[in-house]
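Examining the three-dimensional arrangement
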There are 4 protein chains.
Amino acid sequence: VLRHLLANQPVTALDARGLPYVPGPAPLDEVLAAMRRAEGIIIPMNTQAQNGAVGINLGAKGVIELELVASGELGELHHVRATYLQDWLLDPSFPLVWRLDRMQSGSGAHGDLNAHLIDAARWIAGEIDEVVGLSETFVKSRPLPAESSGLSGKGRAAARGPVTVDDATLFLARFRSGALGSFESTRFAAGRKNYNRIEVNGSKGSAVFNLERMNELELYKTSDADSARGFRTVLVTESSHPYIKAYWPPGHTIGYEHTFVNQAADLVTAIADQSELRPDFEDGLRCQEVLEAVARSAAERRWERVGLVPNAADAATSRVAEPAPRVPAGAGSRRRK
Amino acid sequence: VLRHLLANQPVTALDARGLPYVPGPAPLDEVLAAMRRAEGIIIPMNTQAQNGAVGINLGAKGVIELELVASGELGELHHVRATYLQDWLLDPSFPLVWRLDRMQSGSGAHGDLNAHLIDAARWIAGEIDEVVGLSETFVKSRPLPAESSGLSGKGRAAARGPVTVDDATLFLARFRSGALGSFESTRFAAGRKNYNRIEVNGSKGSAVFNLERMNELELYKTSDADSARGFRTVLVTESSHPYIKAYWPPGHTIGYEHTFVNQAADLVTAIADQSELRPDFEDGLRCQEVLEAVARSAAERRWERVGLVPNAADAATSRVAEPAPRVPAGAGSRRRK
Amino acid sequence: VLRHLLANQPVTALDARGLPYVPGPAPLDEVLAAMRRAEGIIIPMNTQAQNGAVGINLGAKGVIELELVASGELGELHHVRATYLQDWLLDPSFPLVWRLDRMQSGSGAHGDLNAHLIDAARWIAGEIDEVVGLSETFVKSRPLPAESSGLSGKGRAAARGPVTVDDATLFLARFRSGALGSFESTRFAAGRKNYNRIEVNGSKGSAVFNLERMNELELYKTSDADSARGFRTVLVTESSHPYIKAYWPPGHTIGYEHTFVNQAADLVTAIADQSELRPDFEDGLRCQEVLEAVARSAAERRWERVGLVPNAADAATSRVAEPAPRVPAGAGSRRRK
Amino acid sequence: VLRHLLANQPVTALDARGLPYVPGPAPLDEVLAAMRRAEGIIIPMNTQAQNGAVGINLGAKGVIELELVASGELGELHHVRATYLQDWLLDPSFPLVWRLDRMQSGSGAHGDLNAHLIDAARWIAGEIDEVVGLSETFVKSRPLPAESSGLSGKGRAAARGPVTVDDATLFLARFRSGALGSFESTRFAAGRKNYNRIEVNGSKGSAVFNLERMNELELYKTSDADSARGFRTVLVTESSHPYIKAYWPPGHTIGYEHTFVNQAADLVTAIADQSELRPDFEDGLRCQEVLEAVARSAAERRWERVGLVPNAADAATSRVAEPAPRVPAGAGSRRRK
């Protein structure tokens, strides 16, 4: 969604609020450059809303612990195994809500769920070079909704309409680092409600995060004694963990909404410290490039390089340098080097 | 704590705010009777603060799901197995914070943690008739604190003082219903942060709640087919579960603080509906009676009947009728029959 | 069962096979002394059979991993929390099999299940000084069996008989070391099939073993970094773990029967090495003393000291010295110091 | 491996023992036809040995429970998510054992581990139509072994040799039924020892099997009440489960070796009953076809149809009819319809 907005919009200035002012077409790299020049801080917004902006809440902040352990502690990464499983479309009589209309939502499970996985995976393992994927729509038409909100809805018996987005999108990936990625997002996994689960296997250990148990991190370290080695279930509520020290004593958990509170805290901290805020628009763009490469791959049934858009050479050239891996240095202080 | 306050205080009126006005000594049953007569609603407060009032947040609202399944669905109850395990006193150099001073806190793990277990157990399985227990203080003296807040603190090396409360209190119980209870609270269980875990075994099934995974309930039903019977890990975020429908879509969890939000919602609902609010002062008193019976049992090394306080016959006679089991009927509508 | 056999039997010799020859009544200490003098090795037998002999398979060999971590690695022990939960008596129409007849079985859940917990607990935490407990029989009479074997049976509709054993026995314990124990065995815990679960909390960490997942050990170490501390799920199939190196590669699990194979291996190894074999008859006796103290406590409704049998002063005096804690030194080589 | 053996071997007869007698080259369909004509029973052998024959123990018998629930109970299948994760090659100094030499082993993680996943997936979800995959060798050369056996080995410092097999192979698949498959096998997943985990999502529920907890099955049913719906952890030791009734009472688990015992039991039963035995040679061939299609896909970087081997038209034509899905009807009685 972001790319369509930006690709068809020039950027000659940023307005007083620090938002891009785009009177006409401009290459992507100019957009990014303008954003970087801007005084003030560009506020990433949140994909939970329909506006398609940059803040990818769950992907970035919900896996903060993964970032911690991934920054060197797991060694060289071999595997990223990411699934985002839900089941709210399993019932064929569930109505045709806006999320199932490509005109309104851009895509289905792919843009809604894989976006979180990709953002988190980039954070942890760096850039993705190439992908191969497939998409499927299991239920091709659904009853038109009488009304709907959020993930729920109620169908009318009579009229039906076509589902124009994917119910599930899977892809394999090769990271620039040499790591292999397996990604899967679906709305048809019975029993999985918000199963945003990422497993990372490195040369020194492994880590697993699952949003359904977001106060926990599973961690395995090869440096543990052979006879006492196993996945640790870490309850990430000690004051040594990021963010949580602003909440409750150990063992007192936080919930989904607090990932947004954390995001806001990062923003306020970045403003106060004049520090860089991540994810930023470039992170959003990189994520979008992967999403689009997967979409092309599924349509063309072939491997696709990320960023090599045939009709958008500007996009390719804008990726002059690899963005630095995000270095965790406390809430709100991840700086692009 | 409550009992000491009430037992030495008369109640002749309730003030404009609906709080008991207690100018001098009065029997407990008069206190309760006055509270029941009171116009308006008596606001249970929260044991998390130092005031020792009635609202026992975690016990009552955190196990709401247990209540649901316990109300008939599990059949006749045979076992209640309750543990509240923490480990913040494991380090002998942890300082002598107020919670370790009997004058300020009343008791240690017993009043702080068993109170939650007892309140939850009464909710689920009804009144407790008799108990036998033991208490232990593993670390008898600790450095005086330079400063402390909540569950953390920092000691001064030189001066030390005696720990005057229990580090752990365990007890066995017989419920009026015939069920057996096992209760254990400790601040010395390495690795357990807020392990308020209650397992209930009934003739038709079992249920387990653990505050460290407060968005889940484990549920076993004997009516499941023999070949497909097992503990279900229920993510209690469907709109059919109480409270949660006011929050997020399925799979989007809530945190510790929301148990207080739920408590406040119950209060507001009860005011709006003129309905009964539970837990009420009587629940607090009953809980306190069990706590005291256990304390007597540990001191006297014998079985103790709950409520039979030698020097407080009034307390005994005030228990004219068994309080009705709490019937779940949605937030804020549990009425004393 | 053992005590009754031994208490009414003298021991003047051991026969050629190394088994005690008991022509007439003798004090317990003479029995033990004779056994210790015996040339050859006394073969512990297995409580799974009806003979009531000494080898307590699950308690001793099934928790081998607990022994490992308990031998110093967990520091000073504060808590032993042991439950053995089954549910095969939940159905009131289950017939009156031999296990429910005190004349044949000695006791119910207590002797059958608590025996395993006690043996394991002694192994890990040393001797138990005193206990307080309760027993309950939830279903007082059952249909007489047409036939039965093992844990299954089939009732006849017409005739019924009284259940003369306990369905559940719970007790609290104080260990000589200062640790506190909580024990519970029941055949009425819906959904628990063979839930022999022991949790140990020490000053340096905690460990949990559950027979239903006998190839795993949960282990928590306070020495882990604060931000990466959690219970490790150790799959005990590395060659560094005892016994397993005789089986399969890592990750390839063993089953219930292999605990007996391990027991036999210990015996053969002890014969070959002329080394001591544990558990031995004294372990069996100590376990029996705890069982009996709990039974007295449940009957008398009071705390009981272990070993202080009113009518068996010989038993008391036989406990001259505390048996040494079992030192793990590889399969078959645990020597009584 | 099988295909290479068969493709270069004619089959004109079966010998007295029911084994194929292969004096010279013959087309694959003749081989299969000869095997089907054979009197007696063809004995599948076991891939654990180096002979590369047909019995795929873990894939077929270890997931017996998945088969049960998959046969209709889960409805129309949408997703098969299969991973076989190990970590024994994580150490770069691990020596170049025979499994890392393509001449001896055929392939690495792919043939060794994906073979199990594919066999199980076919059993559950039917034939696979097309695949796209990738392979990677993370450590390109290793020290030559002084000696090695099984999964262990010990390197010599000096001499090194090239690793000629894959360390990891991932692929996506489309099943003939419309289900989507995600497969991943690796020997570089730190902390995973024998993590043969298969998750199936269908229109009526989901099921998960993990060989590391082979006595359990996770099962989710959409028909459960909304407020009590969750993954059930089924301990598959009830007598209603297949095979287990020949072993122990409920809750008493079996181990890895018993999957071979079960396989032998199936064979003996099939001989006694003159019934069909599955998996048979055709199952082995179908599995091999998928393995080869994935290998071609990884080499050619494109989607590949299963069975369409350019230079082996005979193989294609031999798949005249889709093999019937295996119908569970008790051990040893799965008949090809």
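**Quick word on the overall build of chain A**
- A count of helical and extended segments in chain A gives nine helices and 13 strands.
- Buried positions account for 61% of the 337 residues belonging to chain A.
- On chain A, roughly 12400 Å² of surface is accessible, and the fraction owed to carbon and sulfur atoms is 55%.

**As for the relation of the copies chain C and chain B**
- Turning chain C through 180 degrees and shifting it by 0.0 Å along the axis lays it on chain B, with an RMSD of 0.0 Å. Taken together, the rotation and translation relating the two chain copies correspond to the operation of a two-fold axis. For chain C, the residue whose C-alpha comes nearest the rotation axis is Arg302 of chain C, separated from it by 2.9 Å.
- When the interface residues of chain C are mapped onto chain B, 98% of them again fall at the interface, so both copies present the same face.

**Description of the packing of aromatic side chains**
- Summed over all chains, the structure comprises 27 aromatic pairs over all chains.
- Look at Tyr256 of chain D and Phe260 of chain D: their rings are 5.3 Å apart centre to centre, the planes differ by 75 degrees, and that puts the pair in the edge-to-face class.
- Judged by its relative accessible area of 5%, Tyr256 of chain D falls in the buried class.
- Among the aromatic residues, ring-to-ring pairing joins Phe171, Phe175 and Phe183 of chain A into one connected group.
- One Lys or Arg, Arg192 of chain B, reaches over the ring of Tyr195 of chain B and ends 4.3 Å from the middle of that ring.

**A look at the interface of chain C and chain B**
- Contacts between chain C and chain B engage 47 residues on the former and 46 residues on the latter.
- A buried area of about 3600 Å², summed over both sides, lies between chain C and chain B, and 56% of it is on carbon and sulfur atoms.
- On the surface where chain C and chain B come into contact, there are 18 residue pairs in polar contact (both at pLDDT 80 or more).
- Looking at the side of chain C that touches chain B, the elements that each hand over two or more residues are strand 3 (77–85), strand 4 (128–136), strand 7 (168–175), strand 8 (180–186), strand 9 (195–202) and strand 10 (205–210) of chain C.
- Of the residues assigned to the side of chain C that touches chain B, the class counts are 19 nonpolar, 16 polar and twelve charged.

**Some points on the environment of Arg296 of chain A**
All names here are of chain A.
- Position of Arg296 among the secondary structure elements: in helix 8 (residues 281–300).
- Judged by relative accessible area, Arg296 falls into the buried class, the value being 17%.
- One polar contact links the side chain of Arg296 to the main-chain carbonyl oxygen of Arg305, over a distance of 3.1 Å.

**Concerning the side chain of Thr186 of chain D**
- Summarising the element assignment, Thr186 of chain D is placed in strand 8 (residues 180–186).
- In this structure the side chain of Thr186 of chain D is engaged in a polar contact, spanning 2.9 Å, whose partner is the backbone nitrogen of Phe188 of chain D.
- When neighbours within four sequence positions are excluded, Thr186 of chain D is seen to be in contact with His79 and Arg81 of chain A together with Tyr84, Leu85, Gln86, Ala109, Leu113, Asp167 and Ala168 of chain D.

**A few points about helix 8 of chain A**
Residue and element names in this part refer to chain A.
- Between its terminal C-alpha atoms helix 8 stretches 28 Å, which fits the 28 Å expected from 20 residues at 1.5 Å a residue.
- Extensive coverage of helix 8 is indicated by the burial of 16 of its 20 residues.
- Downstream of helix 8 by one or two residues, Arg301 has phi in the positive range, about 55 degrees.

**A look at the pattern of salt bridges**
- Applying the stated rule across the entire model yields 100 salt bridges over all chains.
- The salt bridge involving Glu184 of chain B is made with Arg81 of chain C; its shortest N-O contact spans 2.8 Å. You can see Glu184 of chain B sitting in strand 8 (residues 180–186) and its partner Arg81 of chain C sitting in strand 3, one on each of two chains. The exposure classification of Glu184 of chain B matches that of Arg81 of chain C, with both residues buried.
- The closest approach of N and O atoms between Arg296 of chain C and Glu304 of chain C, which form a salt bridge, is 3.1 Å. For the pair Arg296 of chain C and Glu304 of chain C, one class covers both residues: buried.

**Some words on the packing of helix 6 (residues 109–125) of chain C against helix 8 (residues 281–300) of chain C**
Residues and elements named next belong to chain C.
- Relative orientation of the contacting elements helix 6 and helix 8 amounts to 125 degrees, with a least axis distance of 9 Å. Between helix 6 and helix 8, the angle is such that the two are oblique. Remark: the crossing between helix 6 and helix 8 carries right-handed chirality. Along its contact with helix 6, which presents His110, Gly111, Asn114, Ala115, Ile118, Asp119 and Arg122, the element helix 8 presents Asp283, Arg286, Cys287, Val290, Leu291, Val294 and Ala295.
- Along the lines of polarity and charge, the residues of the contact of helix 6 with helix 8 split into seven nonpolar, three polar and four charged.

**Things to note about the interface of chain A and chain D**
- Contacts between the two partners involve 46 residues from chain A, matched on the other side by 46 residues from chain D.
- Together, the buried faces of chain A and chain D total about 3600 Å²; carbon and sulfur atoms form 56% of this surface.
- At the junction of chain A and chain D, the tally comes to eight salt bridges.
- Residue Glu199 of chain A pairs with Arg192 of chain D through a salt bridge whose shortest N-O separation is 3.0 Å.
- In this structure, the connection of chain A to chain D is made through 18 residue pairs in polar contact (both at pLDDT 80 or more).
- Elements with a minimum of two residues in the side of chain A that touches chain D: strand 3 (77–85), strand 4 (128–136), strand 7 (168–175), strand 8 (180–186), strand 9 (195–202) and strand 10 (205–210) of chain A.
- Looking at the side of chain A that touches chain D residue by residue, the class counts come to 19 nonpolar, 16 polar and eleven charged.

**Concerning the confidence of the model for chain A**
All names here are of chain A.
- Counting all residues, the mean pLDDT for chain A is 75, and 67% of those residues have values of 70 or more.
- Throughout residues 1–25 the model reports pLDDT below 50, and contacts reaching past four residues in sequence, or to other chains, amount to 53 contacts.
- We note a pTM of 0.84 for the whole complex and an ipTM of 0.81 for its interfaces.

**Notes on unusual backbone geometry**
- The phi angle at Arg301 of chain C is positive, at roughly 55 degrees, despite the residue not being glycine.
- Within the secondary structure, Arg301 of chain C is located in the loop between helix 8 and strand 13 (304–305).

**Brief notes about the pairing of strand 9 of chain A**
All names here are of chain A.
- Here strand 9 lies mainly inside the structure; eight of its eight residues are buried.
- Burial along strand 9 is two-sided: the face carrying Tyr195, Arg197, Glu199 and Asn201 and the face carrying Asn196, Ile198, Val200 and Gly202 are both buried.
- In this structure, strand 3 lies alongside strand 9, joined through eight bridges in antiparallel fashion. Bridging across to strand 9, Val80 finds its partner in Val200.
- By the bridge criterion, five bridges tie strand 9 to strand 10 in an arrangement that is antiparallel. Bridge pairing in strand 10 links Asn201 to Ser206.
- Counting the residues that bridge the hairpin from strand 9 to strand 10 gives two residues.

**Describing helix 6 (residues 109–125) of chain A**
Residue and element names in this part refer to chain A.
- Between its first and last C-alpha atoms helix 6 spans 22 Å; for 17 residues at 1.5 Å apiece the expected length is 24 Å, and the two agree.
- The sharpest bend along helix 6 measures roughly 35 degrees and falls at Ala115.
- For helix 6, the tally of buried residues reaches 15 of 17 residues, placing the bulk of the element in the interior.
- Gly126 sits one or two positions beyond helix 6 and adopts a positive phi of about 85 degrees.

**Regarding the environment of Ile128 of chain B**
Residue and element names in this part refer to chain B.
- Looking at where Ile128 falls in the secondary structure, it is placed in strand 4 (residues 128–136).
- For Ile128, a relative accessible area of 3% translates into the label buried.
- Ile128 has contacts with Ala173, Arg174, Phe175, Phe183, Val290 and Val306, leaving out every residue within four places of it along the chain.

**Notes on the environment of Phe183 of chain B**
Residues and elements named next belong to chain B.
- Tracing the backbone through its elements, the reader meets Phe183 in strand 8.
- Along the backbone, Phe183 and Thr83 are 100 residues apart, and their C-alpha atoms lie at a distance of 5.7 Å.
- Sequence-distant contacts of Phe183, that is, excluding residues within four places in its chain, are made with Val80, Ala82, Asn114, Leu117, Ile118, Ala121, Ile128, Thr169, Leu170, Phe171, Ala173 and Phe175.

Definitions and limits used
Residues numbered from 1 in each chain as written. Chains lettered and ligands numbered in written order. Predicted model: local features only at pLDDT ≥ 70, side-chain atom pairs only at ≥ 80, totals over all residues. Heavy atoms only, no water. Helix = DSSP H or I, 4+ residues; strand = E, 2+ residues; numbered from the N terminus. Buried < 20%, exposed > 50% of the residue type's maximum accessible area, 1.4 Å probe, protein only. Areas by Shrake-Rupley, 256 points an atom, 1.4 Å probe, with all protein chains shown as cover. Least-squares fit on C-alpha atoms with pLDDT ≥ 70 in both. Contact = heavy atoms within 4.5 Å. Phe/Tyr/Trp six-rings, centres within 6.5 Å; stacked < 30°, edge-to-face > 60°. Lys NZ or Arg CZ within 6 Å of the ring centre and 35° of its normal. Buried area = accessible area lost by both parts, 1.4 Å probe. Polar contact = N/O pair within 3.5 Å; in protein donor to acceptor, adjacent residues only side chain to side chain. Nonpolar A, V, L, I, M, F, W, Y, C, P; charged D, E, K, R; others polar. Expected span 1.5 Å × (residues − 1). Salt bridge = Lys/Arg side-chain N within 4 Å of Asp/Glu carboxyl O. Axes fitted to C-alpha atoms, helices over the stretch in contact; angles between N-to-C directions. Parallel < 35°, antiparallel > 145°, perpendicular 65-115°, else oblique. Left-handed = near helix turned anticlockwise from the far one by under 90°. pLDDT = per-residue confidence, 0-100. Pairing = 2+ DSSP bridges. Bend = angle between axes of the 7 residues up to and from the residue.

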